[in-house]
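Reading the structure
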Amino acid sequence: MYQHGAKSAYAYLKACEEFQKNPGQLQAYDSKGNCVLLAGPGSGKTKTLTIKLARMLSEDVHPPRGVACITYNLECAAELRRRLEVLGVQENEYTYIGTIHSFCLKHIVMPFGNVAGLGLPREISVASTIVQDRVFEEAFGDVFGKNAVPSFGARSSFDKYRRTHLNRNSGSWRDDAETARIIEAYERRLRAKALIDFDDMVLLGLRLVEEHEWVRKTLRARFPILAIDEYQDLGLPLHRIVLKLCFSAGVRIFAVGDEDQSIYGFTGAQPELLVKLSKMDGIESVRLPFNYRSGKTIVDASLVALGEKRGYTTKSDHQSTVDFYPCPNGLEEQAELICTGIVREALGRRKGR
């Protein structure tokens, strides 16, 4: 939720001068339509995103319309806010920068849920983790018997299934019939307590966006531009929201991510969705090839380990090495070696570290 004045106009115009030395950043900055920015580690993707956001806020939208910029976690959102403040972009009521969960709750579920007939209680609260776990155990008992106890890891598998099997009226919803029944019992029990959980925020938001044209039009009226950071981590529900808003409602998309950096596969993240989006008709795809963080040795070794061509080259003159440490005895041995050996060794390699 930001506004900008003369200071920010000067700040982003000054900041973008650096893009003259980087054709990829300049192309993304100058893009006027839907754009996907594919960018590896140390490529300047966050800088490109924030300066682009400042430009779009200054040149492309005017109050009461704004821009929504969503990311996966609170830390990423805080970093975006910090960088925008450096550019002089200040908070106001029109523009949103935060997590996908918060965006769906505040701007889709809360304003439209009851009007659209979702059957939610008029006053809803978000269940704490403790309450969620208890309700999950109760739902598990509904399916397997009152005294049944979920096995270790059952909740993680349950959550992942719920985030990736979205078409509940199709046959695929019951690929795992028992998990589908647990989900239904879990949600039913939450609603009876006037509760939703974090996944509900996005899943209910998706349902509203996909089923109601007027919801899409209302969102476009308020947020004609949707920016997404760390797209590779956001999963199938967000991807389907993006497709509907972009191709059905005409919301302009600016998405940033790296298909090789996803660490949330266990939650249902599908980095291939970013690549799929970048190849769609009507989407301009830009890749940032330069790495400003790592030396040539590390970049070259990373490409070998990746086993795929990305065209990355270093812009850093750092001297770098790649060291191998065999750890045949598992995670505890790795942790011990990192804390007592590798970190100390790295600190000792350069004076002042």
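Residues numbered from 1 in each chain as written. Predicted model: local features only at pLDDT ≥ 70, side-chain atom pairs only at ≥ 80, totals over all residues. Heavy atoms only, no water.

Regarding the overall build of the protein chain
A tally of regular secondary structure across the protein chain gives 14 helices and 10 strands. Over its C-alpha trace the protein chain gives a radius of gyration of 23 Å, about what one expects of a compact globule, namely 20 Å for 353 residues. Split into buried and exposed, the 353 residues of the protein chain put 48% on the buried side. Positive and negative side-chain charges in the protein chain, numbering 48 and 44 respectively, have mean positions lying 4 Å apart. (Helix = DSSP H or I, 4+ residues; strand = E, 2+ residues; numbered from the N terminus. Rg over C-alpha atoms; globule rule 2.2 N^0.38 Å. Buried < 20%, exposed > 50% of the residue type's maximum accessible area, 1.4 Å probe, protein only. Lys, Arg positive; Asp, Glu negative; His and termini not counted. Charge placed at Lys NZ, Arg CZ, Asp CG, Glu CD.)

Focus on the confidence of the model for the protein chain
Mean pLDDT over the protein chain: 91, with 97% of residues reaching 70 or higher. Under a pLDDT of 50 for its full length, residues 1–7 has, in the predicted model, 23 contacts with residues more than four places off or in other chains. (pLDDT = per-residue confidence, 0-100. Contact = heavy atoms within 4.5 Å.)

What to know about helix H6 (residues 129–144)
With 16 residues, H6 should cover 22 Å at 1.5 Å per step; its first-to-last C-alpha distance of 22 Å lies within 8% of that length. Considering only its buried residues, H6 is in contact with helix H7 (154–164), helix H8 (177–192), strand E5 (195–196) and helix H9 (198–211). The positive-phi residue at the C-terminal boundary of H6 is Gly-145, with phi of around 110°. (Expected span 1.5 Å × (residues − 1).)

Remarks on the packing of aromatic side chains
Taken as a whole and judged by the stated rule, the model has 11 aromatic pairs. Taking 4.7 Å as the distance between ring centres and 40° as the angle between the ring planes, the aromatic pair formed by Phe-140 and Phe-144 counts as tilted. Of this pair, Phe-140 and Phe-144 are both found in helix H6, four residues apart, which corresponds to roughly one turn of the helix. Judged by centre distance (5.2 Å) and plane angle (75°), the ring pair of Phe-158 and Tyr-186 falls under edge-to-face. Linking Phe-158 in helix H7 with Tyr-186 in helix H8, this pair joins segments that are 28 residues apart in sequence. Taking the relative accessible area as the measure of exposure, Phe-158 reaches 2% and is therefore buried. For Tyr-186, a relative accessible area of 0% corresponds to the buried category. These aromatic residues form a ring-pair network of at least three members: Phe-136, Phe-140, Phe-144, Phe-158 and Tyr-186. The cationic tip of Lys-315 hangs over the ring face of Phe-290; the distance from NZ or CZ to the ring centre is 4.4 Å. (Phe/Tyr/Trp six-rings, centres within 6.5 Å; stacked < 30°, edge-to-face > 60°. Lys NZ or Arg CZ within 6 Å of the ring centre and 35° of its normal.)

Focus on the sheet that holds strand E3 (residues 96–99)
Strand order in this open sheet of six strands is E3-E2-E6-E7-E1-E8, and the pairing throughout is parallel. Of all strands in the sheet, those bounded by a partner on one side alone are E3 and strand E8 (284–288). Across the sheet, the mean angle separating the axes of adjacent strands is 15° when strand polarity is ignored. Strand direction decides the pairing type here: strand E2 (residues 67–71) and E3, joined by four bridges, are parallel. Pairing of Ala-68 across the sheet is with Tyr-96, part of E3. Strands strand E1 (35–39), E2, strand E6 (225–228), strand E7 (252–257) and E8 of the sheet are contacted by helix H3 (residues 45–59), whose axis makes an angle of about 160° with E7. Each of E2, E6 and E7 is contacted by helix H11 (residues 235–248), which is oriented at about 155° to E6, the strand it contacts most. (Pairing = 2+ DSSP bridges. Axes fitted to C-alpha atoms, helices over the stretch in contact; angles between N-to-C directions.)

Focus: the side chain of Thr-71
Looking at the element boundaries, Thr-71 is found in strand E2. Discounting chain neighbours no more than four positions away, the residues touching Thr-71 are Cys-76, Ala-77, Leu-80, Gly-98, Thr-99, Ile-100, Asp-229, Glu-230 and Leu-234.

Concerning the packing of H9 against helix H10 (residues 213–222)
Where H9 contacts H10, the two axes come as close as 5 Å, and the packing angle between them is 100°. In this view, H9 runs roughly perpendicular relative to H10, as classed from their interaxial angle. Listed contacts from H10 to Leu-208, Val-209, Glu-210 and Glu-211 of H9 are Glu-213, Val-215, Arg-216 and Leu-219. Residue composition of the contact of H9 with H10, by class: four nonpolar, no polar and four charged. (Parallel < 35°, antiparallel > 145°, perpendicular 65-115°, else oblique. Nonpolar A, V, L, I, M, F, W, Y, C, P; charged D, E, K, R; others polar.)

As for the packing of helix H5 (residues 100–112) against H9
H9 packs onto H5 with a crossing angle of 55° between their chain directions and a minimal axis gap of 8 Å. Relative to H9, the element H5 is oriented oblique. Once H5 is placed against H9, the crossing between them reads as left-handed. Seen from H5, the contacting residues are Ile-100, His-101, Cys-104, Leu-105, Ile-108, Val-109 and Phe-112; seen from H9, they are Phe-198, Met-201, Val-202, Leu-204, Gly-205, Leu-208 and Val-209. Residue composition of the contact of H5 with H9, grouped by class: 12 nonpolar, two polar and no charged. (Left-handed = near helix turned anticlockwise from the far one by under 90°.)

Some details on a nonpolar patch on the surface
Together, Ile-298, Val-322 and Phe-324 make up an exposed nonpolar region whose accessible area comes to about 300 Å². Checked against the element boundaries, Val-322 lands in the loop between strand E10 (313–314) and helix H14 (331–348). (Patch = residues over 30% accessible without salt bridge, like charges linked within 9 Å, V, L, I, M, F, W, Y side chains within 5 Å. Areas by Shrake-Rupley, 256 points an atom, 1.4 Å probe, with all protein chains shown as cover. Salt bridge = Lys/Arg side-chain N within 4 Å of Asp/Glu carboxyl O.)

Details of the pairing of E2
Counting buried residues along E2, five of its five residues qualify, which places the element largely inside the surrounding structure. Two elements, E2 and E6, share four bridges in a ladder whose sense is parallel. Each residue of the ladder has a partner; that of Ile-70, found in E6, is Ile-228.

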